[in-house]
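The lines below spell out each chain.
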Amino acid sequence: MRAVPSWAVATAAAAPVLLVAGWTVAGARQPPGYDPVRDTISELAGDGATDSWLMAGCLALLGCCYLGTALVLHAAGLPSRFLLAVGGAATIALIAFPRPQVGGSPAHGTVATVAVLALSLWPAGSALRLPRAVRRGVAASPAGTPPWAFRQPVALAVTAVLLVLFGWFVVEVTGGSRTGLAERVAATAVAVWPLAAVLSARRAHREWLARQPDRPVADPARPVSPGRPGAGG
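Residues numbered from 1 in each chain as written. Predicted model: local features only at pLDDT ≥ 70, side-chain atom pairs only at ≥ 80, totals over all residues. Heavy atoms only, no water.

(A) Just the pattern of salt bridges, in detail. Applying the stated rule across the entire model yields four salt bridges. Measuring nitrogen to oxygen at the nearest pair gives 2.8 Å for the salt bridge that ties Asp51 to Arg29. Linking Asp51 in the loop between α2 (42-45) and α3 (52-72) with Arg29 in the loop between α1 (6-28) and α2, this pair joins segments that are 22 residues apart in sequence. Judged by relative accessible area, which is 24%, Asp51 ranks as partly exposed. The partly exposed category is assigned to Arg29, whose relative accessible area is 47%. Where Arg99 meets Glu43, a salt bridge forms, and the shortest distance between an N and an O atom there is 3.6 Å. With a gap of 56 residues between them, Arg99 in the loop between α4 (78-93) and α5 (106-128) and Glu43 in helix α2 connect regions that are remote in the sequence. (Salt bridge = Lys/Arg side-chain N within 4 Å of Asp/Glu carboxyl O. Helix = DSSP H or I, 4+ residues; strand = E, 2+ residues; numbered from the N terminus. Buried < 20%, exposed > 50% of the residue type's maximum accessible area, 1.4 Å probe, protein only.)

(B) Quick look at the side chain of Thr159. Following the sequence through the fold, Thr159 ends up in helix α7 (residues 152-175). Once you skip the residues sitting within four places of it in the chain, Thr159 turns out to touch Ser120, Leu121, Pro123 and Ala124. (Contact = heavy atoms within 4.5 Å.)

(C) Summary view of the packing of aromatic side chains. By the definition in use, this model includes one aromatic pair. Measuring from ring centre to ring centre gives 5.8 Å for Trp148 and Trp193, while their planes differ by 80°; the resulting arrangement is edge-to-face. Here Trp193 lies in helix α8 (residues 179-210) and Trp148 lies in the loop between α6 (136-139) and α7, a separation of 45 residues in the sequence. Overall, the relative accessible area of 36% leaves Trp148 in the partly exposed class. Note on Trp193: relative accessible area 12%, which makes it buried. When the ring centre of Trp23 is taken as origin, the NZ or CZ atom of Arg184, which lies over that ring, is 5.3 Å away. (Phe/Tyr/Trp six-rings, centres within 6.5 Å; stacked < 30°, edge-to-face > 60°. Lys NZ or Arg CZ within 6 Å of the ring centre and 35° of its normal.)

(D) Quick peek at the confidence of the model for the protein. Per-chain confidence: the protein averages 84 in pLDDT, with 82% of residues scoring 70 or above. Of the regions scoring below 50 in pLDDT, residues 130-143 engages in 31 contacts with residues more than four places distant in sequence or in other chains. Note that residues 216-221 has pLDDT below 50 and, in this model, zero contacts with residues that lie over four places away or in other chains. (pLDDT = per-residue confidence, 0-100.)

(E) Here's a closer look at the state of the cysteines. If you walk through the whole model with that rule in mind, you get zero disulfides. This cysteine, Cys64, is not joined by any disulfide, and Cys65 carries the nearest cysteine sulfur, 7.2 Å off. For Cys64, a relative accessible area of 42% corresponds to the partly exposed category. (Disulfide = S-S within 2.5 Å.)

(F) Representation of the environment of Gln101 within the structure. By the secondary structure assignment, Gln101 is in the loop between α4 and α5. With 52 residues separating them in the primary sequence, Gln101 and Ala49 have C-alpha atoms 7.9 Å apart. Ignoring sequence-local partners within four residues, the contact set of Gln101 consists of Asp47 and Gly48.

(G) Representation of the nonpolar core in the model. Counting residues in each nonpolar core, the largest one holds 41 residues, and the members touching the most others are Met55, Tyr66, Leu73, Trp122 and Phe150. Mapped onto this core, the elements with two or more residues apiece are α1, α2, α3, α5, α7 and α8. Residue contributions to this core peak at 10 residues, all from α3. (Core = buried A, V, L, I, M, F, W, Y, C linked by side-chain atoms within 4.5 Å.)

(H) Focus on the packing of α1 against α8. Relative to each other, α1 and α8 sit at 165°, their axes nearing to 9 Å. Judged by the angle between their axes, α1 and α8 are roughly antiparallel. The two elements α1 and α8 meet at a crossing, and its hand is left-handed. Here α1 contributes Ser6, Ala8, Val9, Ala12, Ala13, Ala15, Pro16, Leu19 and Trp23 to the contact with α8, which in turn contributes Arg184, Ala187, Thr188, Ala191, Val192, Pro194, Leu195, Val198, Leu199 and Arg202. Among the residues making up the contact of α1 with α8, the classes are represented as 15 nonpolar, two polar and two charged. (Axes fitted to C-alpha atoms, helices over the stretch in contact; angles between N-to-C directions. Parallel < 35°, antiparallel > 145°, perpendicular 65-115°, else oblique. Left-handed = near helix turned anticlockwise from the far one by under 90°. Nonpolar A, V, L, I, M, F, W, Y, C, P; charged D, E, K, R; others polar.)

(I) Spotlight on the layout of surface pockets. Taken as a whole, the largest pocket spans an internal volume of roughly 750 Å³. If you go around the largest pocket, you meet 33 residues; those closest to its centre are Ser42, Ala112, Val116, Phe169 and Glu183. Only α2, α3, α5, α7 and α8 provide two or more residues apiece to the lining of the largest pocket. Per-element tally for the lining of the largest pocket: the top contributor is α5, with eight residues. Split by residue class, the lining of the largest pocket holds 18 nonpolar, 11 polar and four charged. In this structure, the second largest pocket occupies an estimated 250 Å³ of space. Lining the second largest pocket are 15 residues, with Glu43, Asp47, Gly48, Ala49 and Gln101 sitting closest to its centre. Looking at side-chain class alone, the lining of the second largest pocket contains six nonpolar, six polar and three charged residues. (1 Å grid on protein atoms, 1.4 Å probe; cavity = no way out; pocket = protein on both sides within 12 Å on 5 of 7 lines; lining within 4 Å. Points joined across faces, edges and corners; volume = space filled by probe spheres on them.)

Take a look at the structure:
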């Protein structure tokens, strides 16, 4: 079983911190008319926002965090890692398609939808298929099951919750008054789960190592064959 490096934990932990810090700092720079309950995160990085580079920079770093996690989280399986990487790349791509100050943007909406769907669906991918190099019987826990974050009931339940939160955001966009709140709740949940998955994989790896038998040690009293120095003949 492959270990998850320590830097991956720091990268995964940085994702929710960057997200919350980004919208907090960038939101504080906006005029009094900006309402975080009503207005979206995209507006903070969009055209016309005050110091839009703040939120744009955080989105770029957030996407890099997702890409870094996808690179090393082998226990999740290739389908999940691919979806997480797509979500990270789409998050970065949001910078290239900012939300306009007036009206909508099909390009921004498409990229944002791809990002949210990929980041919501990636947990389910680990429940459907694990790579051959990380077999279920060996992969992770001493009981012969995957890490808890990648077990089918957990992974499917997490994806269901994330999709429900995304659905709430869609409802608010089409006619609600809490669009910003719904987006922030969904985005935070999406950002926290990679950290939970990384911690789960690291814990499973430690348990797996603890169950490995000790390596055989050469016997210092092993008899010397005849004809060799010290054989006495």
